[in-house]
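Read off the chains here:
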Amino acid sequence: MSQRFFTQPSQDLVYLDANATTPVLPCIADVVSHTMQVCFGNPSSSHITGVQAKYLLEQTRNKARQVIGAQSGDILFTSGATEGIQTAVVSTLLANRHKATEHSVLLYGATEHKAVPNTLKHWNEVLGLGAKVLAIPVDKDGLLDSQFIAEHVGQALMICTMAVNNETGVYQDLGALEKVIRAHNPHVSWMVDCVQALGKQSLALSDTTIDYAPFSGHKLYAPKGIGFLYIRENSPYTPFIAGGGQESGMRSGTENLPGIAGLYELFELLLDSKQAVFKPLCTLHQYRDQLISALEQTFGDITFNAPLASTVPTTLNFCVNSLTSKEVMDLFDAAGIRVSGGSACSSGASRSFVLDAMGVSDWQSENAIRMSFGPAASAADIALACERICALKPVLTNHCLVVSDAHQPEQEVCALGLTQLRHQGSCCWLFVADNNDAVIIDPIVELVPRLTRLVKQQQLRVKAVLETHRHQDKDSARSLLAQRLEVDASGELGWSHGDTIALGSHQLSRVTTPGHSSDSVSYLLSQNEHIEACFCGDLLVWGGLGSTQFDDASCEQMAQSLKLLSQLLEQNTVICPAHDYEQCFAMTWQAQCQASELLAALLLGDIDHEQFALRKNQLDQRQGEQCGALCGFSLAPAKASGAQLSAQQLQQLLHEHSDSTVVLDVREPYEHGATDIRSLFTLAPEQLINIPLSRLANALLTQQLDKSKHYVLICRTGNRSGQAISNLKALGFEHVYNLQGGLALV
């Protein structure tokens, strides 16, 4: 029996990432399947089956000409746009090799897909041209700088632009660009990336002087692995793939006939004025307006990163002004809504180079969300998407992620106790006592809006906004947050409360702990004379020590401070540093001492203060050279990982050890609330708990976890649960497992 992967019904999915790829339309899939089984011949074969295959190939080529308005020139079938780009660049550079001088340039738009500049740089180096590869700047709307083109295109061997940007949807005025280019260099090779224009803009390439235009099938409902390249008549051409001489010697290798058949069916739809699959422009604009309304109704304060007037209606690039892109994407994913952060081809990046080129703020670049739908989207598709988006409003409200209209919103799951809020490697800590007294330690500028909203909606009484020291790597957010919360922050580092601050049944005290900086202090949270948590700033980082490479740092003072903490803290005291570069999230004093060899040596008396200072200085210098100017360095051993369980193995474990097995969801509460875990597994109420990574320290504080139990950790993809397992292993939890691939593979 054949195996099929991921058989989730399509009606359960709201797919809004069409700029990354699209599902194959049923009618196209039927044609592809038919070609694989019936019209499967090799177009190079001379028998009838081959002749039929050749006929299909050439008919598709003719259809392509009609779709893109190319009565002349060549249509070359490729594996996709990247191959088309390679072919165009190699052809141009080889033809112009003899023209290259020390003044030669290769021009590309600053917001081009990375395939373009990377290809230019690669072949420029391989062919030894020595040309300068220059990015054409764009303005705040993403439009290319015509003056820059006019100044540099005269020395250009090639210029590359794009019709529609894949991240923002911004479209260029190709007619205006053509005038500028040809006025200053009538013969330069010009490539236009038309991938995102197909099916969204009318094209008449033969009426232009565009030399090359690559296209990709999978961006418009055709299969992956098929595309085509338009080559203007008499433009330079060199085969990029040599071999058996297919495609009239222009591109060797047996043609992907099923993929080409899929393009044929796609072209038929695009050319049929009576078909109802592809929607007219006015309908696509209506769809976009509906999505914008749903987003604004749900999230409130939204910034669109590109002007709607100069973008295709199928693409929205925006950021939620109070949420990170990861929070938004995790929330959408949990609700069955698929979007992306920037380009899917560079989703590992921390910010968008496209938005950087447009000059947007750091927040916009780091937290951009791209929502895109295809021109074949139906009214029902968009209505369902809007319904799903709007259904997230109560989840967001209940977890203080958006402003609530309710007078008494529900209690946030993670409000009471200890919560870690993060931005990149920085950590901010919020502690809320059982009577709603609260303290905020080491606030982060980027999190001020979120902290303000959370405090006001939960009606918390913030007793103090504190810093552990004046941070070297970031601006102080203490005064800004204190002002917004109307809290007195006039004292040293925000402390103006005498010896202790009362927080319900807890007390917060401070001790001077210089070392990382001369003004460093640590705050001790205690209850019934037991110190439960230590907010140590950058004196410690998880598995290591704070840096002493700053001007007012002192290794000797750090040794004294560490000795002082060893006398005050208990084995189970939770360590709460100002930075977490190791994705550790929660650590006790006992585990910290075990993980840091240098700290253990100092506390055991194996080395004195002078020896500690010598070794610490050497470590900081070495780590600083390797890692840069971080506020601390971890020297902990490699993290342990837990066993990977399939969904079937998880269900078996739950059945065999029902009394001792617990499924631990480490996603944030708003994600947990958007997914019905119990519909995926047979779980008793006590077998499912939600402790997000941001609350893992609180779980230690309240002793919520039992080392004798078996914990199967789950998240969206298995990454966060893997981090939590490493953390729990370091804390002495032996029976911890990871759901393989996370909920994405269930």
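Up top is the structure these notes are about.
First, a word on what this report is: a plain description of the structure on this page. (Residues numbered from 1 in each chain as written. Predicted model: local features only at pLDDT ≥ 70, side-chain atom pairs only at ≥ 80, totals over all residues. Heavy atoms only, no water.)

**Comments concerning the packing of helix 3 (residues 81–95) against helix 4 (residues 115–126)**
Then, number 1: In the contact formed by helix 3 and helix 4, the axes pass within 10 Å of each other and the chain directions differ by 40°. The orientation of helix 3 with respect to helix 4, classified from their angle, is oblique. Considering how the two elements wind past one another, helix 3 and helix 4 form a crossing that is right-handed. Along its contact with helix 3, which presents T82, I85, Q86, V89, V90 and L93, the element helix 4 presents A115, V116, T119, L120, W123 and N124.
Then, number 2: When its residues are assigned to classes, the contact of helix 3 with helix 4 shows eight nonpolar, four polar and no charged. (Axes fitted to C-alpha atoms, helices over the stretch in contact; angles between N-to-C directions. Helix = DSSP H or I, 4+ residues; strand = E, 2+ residues; numbered from the N terminus. Parallel < 35°, antiparallel > 145°, perpendicular 65-115°, else oblique. Left-handed = near helix turned anticlockwise from the far one by under 90°. Contact = heavy atoms within 4.5 Å. Nonpolar A, V, L, I, M, F, W, Y, C, P; charged D, E, K, R; others polar.)

**Regarding the pattern of salt bridges**
Then, number 1: This structure, assessed with the given rule, holds 27 salt bridges.
Then, number 2: For D330, the salt bridge is made with R720, and the minimal N-O distance between the two is 3.4 Å. Of this pair, D330 sits in helix 9 (residues 325–334) while R720 sits in helix 23 (residues 719–730), placing them 390 residues apart in sequence. Assigned by exposure class, D330 and R720 land together as buried.
Then, number 3: Taking the shortest distance from any N to any O, the salt bridge between R470 and D519 comes out at 3.1 Å. Of this pair, R470 sits in the loop between strand 16 (461–466) and helix 15 (478–485) while D519 sits in the loop between strand 18 (506–512) and strand 19 (521–527), and the two are 49 residues apart along the sequence.
Then, number 4: One salt-bridge network, in which partners are shared between bridges, spans K326, D330, D333, R338, E671, R716 and R720. (Salt bridge = Lys/Arg side-chain N within 4 Å of Asp/Glu carboxyl O. Buried < 20%, exposed > 50% of the residue type's maximum accessible area, 1.4 Å probe, protein only.)

**Brief notes about the sheet that holds strand 29 (residues 736–739)**
Then, number 1: The five strands lie next to each other as 25-29-28-26-27, forming an open sheet whose pairing is parallel. Across the chains shown, the open sheet's two edge strands, defined by having one partner strand only, are strand 25 (643–645) and strand 27 (688–690). The sheet shows a mean angle of 30° between the axes of neighbouring strands, direction not considered.
Then, number 2: Where strand 28 (residues 710–714) and strand 29 come together, three bridges link them in parallel fashion. (Pairing = 2+ DSSP bridges.)

**Overview of the nonpolar core**
Then, number 1: By size, the foremost hydrophobic cluster in this structure holds 70 residues, and its most contacted members are L508 and F535.
Then, number 2: Residues within four places of F535 in sequence aside, it is in contact with L418, W429, I441, T468, L508, V521, S522, Y523, L525 and C576.
Then, number 3: Counting residues in hydrophobic clusters, the runner-up holds 64 residues, among them W190, F215, F278 and V360. (Core = buried A, V, L, I, M, F, W, Y, C linked by side-chain atoms within 4.5 Å.)

**Things to note about the packing of aromatic side chains**
Then, number 1: All chains considered together, the criterion is met by 11 aromatic pairs.
Then, number 2: An angle of 5° between the planes, with centres 4.5 Å apart, marks the rings of F215 and F228 as stacked. Of the two residues, F215 is situated in strand 7 (residues 212–216) and F228 in strand 8 (residues 227–231); the sequence distance between them amounts to 13 residues.
Then, number 3: Judged by relative accessible area, F228 falls into the buried class, the value being 2%.
Then, number 4: Look at F228 and F267: their rings are 5.6 Å apart centre to centre, the planes differ by 90°, and that puts the pair in the edge-to-face class. One end of the pair, F228, is in strand 8; the other, F267, is in helix 7 (residues 257–271), and 39 residues separate them in sequence. The exposure classification of F228 matches that of F267, with both residues buried. (Phe/Tyr/Trp six-rings, centres within 6.5 Å; stacked < 30°, edge-to-face > 60°.)

**Some details on the environment of C631**
Then, number 1: As for its placement among the helices and strands, C631 is situated in the loop between helix 19 (609–627) and strand 24 (632–634).
Then, number 2: As a C-alpha pair, C631 and R251 span 380 residues in sequence and 54 Å in three-dimensional space.

**Structural notes on the side chain of R478**
Then, number 1: Secondary-structure assignment places R478 in helix 15.
Then, number 2: Once residues within four sequence positions are removed from consideration, R478 is found in contact with P443, V465, L466, E467, A489, G491, L493 and G494.

**Side note on the environment of L480**
Then, number 1: Assignment of secondary structure puts L480 in helix 15.
Then, number 2: On the accessibility criterion, L480 (32% relative accessible area) is partly exposed.
Then, number 3: Separated by 36 residues in sequence, L480 and I444 place their C-alpha atoms 10.0 Å apart.

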